[in-house]
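Close look at the chain arrangement
Here are the chains, one letter per residue:
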Amino acid sequence: QVQLVESGGGLVQPGGSLRLSCAASGSIFTINYMGWYRQAPGKQRELVARIAGGGATEYADSVKSRFTISRDNAKNTVYLQMNSLKPEDTAVYYCNCDYWGTGATRWLALWGQGTLVTVSS
């Protein structure tokens, strides 16, 4: 069974930092994009950042210069370093990847269970 396991969420004060981690495990041959999405109460899920296997990155305008995405391909793990956090960053953060499973015939999308980030004083 292929799964994504996230960690690192929690409560932080405005201006603080958090680091999220997400590890993929199971029968995976290769992973293309890995990324983070978030969903705040009453809002649609939105892309925060994603990174390709070769390292190219993409960020939402609202997090540019504050968040940094990185990945360790050997560990099938993606990280999101979040600095200068704001109350509007409060959301459930979901890890996502596009992977090719062992013996697969097409790319598949996988989602983590989500981790809550709360920015509040």
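Residues numbered from 1 in each chain as written. Predicted model: local features only at pLDDT ≥ 70, side-chain atom pairs only at ≥ 80, totals over all residues. Heavy atoms only, no water.

Applying the stated criterion across every chain yields a total of two aromatic pairs. Both rings, one in Y37 and one in W111, keep their centres 5.0 Å apart while their planes meet at 65°; by these two values the pair is edge-to-face. Here the residue Y37 occupies a position in strand β4 (residues 28-39), and W111 occupies one in strand β10 (residues 108-111), the gap between them amounting to 74 residues. On the accessibility criterion, W111 (37% relative accessible area) is partly exposed. Plain terms: the ring middles of W100 and W107 are 5.4 Å apart, the flat faces sit at 80° to each other, and that makes the pair edge-to-face. We note R45 situated over the ring of Y94; from NZ or CZ to the ring centre the distance is 3.7 Å. The ring centre of Y33 lies 3.9 Å from the NZ or CZ of R50, which sits over that ring. (Phe/Tyr/Trp six-rings, centres within 6.5 Å; stacked < 30°, edge-to-face > 60°. Helix = DSSP H or I, 4+ residues; strand = E, 2+ residues; numbered from the N terminus. Buried < 20%, exposed > 50% of the residue type's maximum accessible area, 1.4 Å probe, protein only. Lys NZ or Arg CZ within 6 Å of the ring centre and 35° of its normal.)

Spatial relationships are all this shows, so hold off on functional conclusions.
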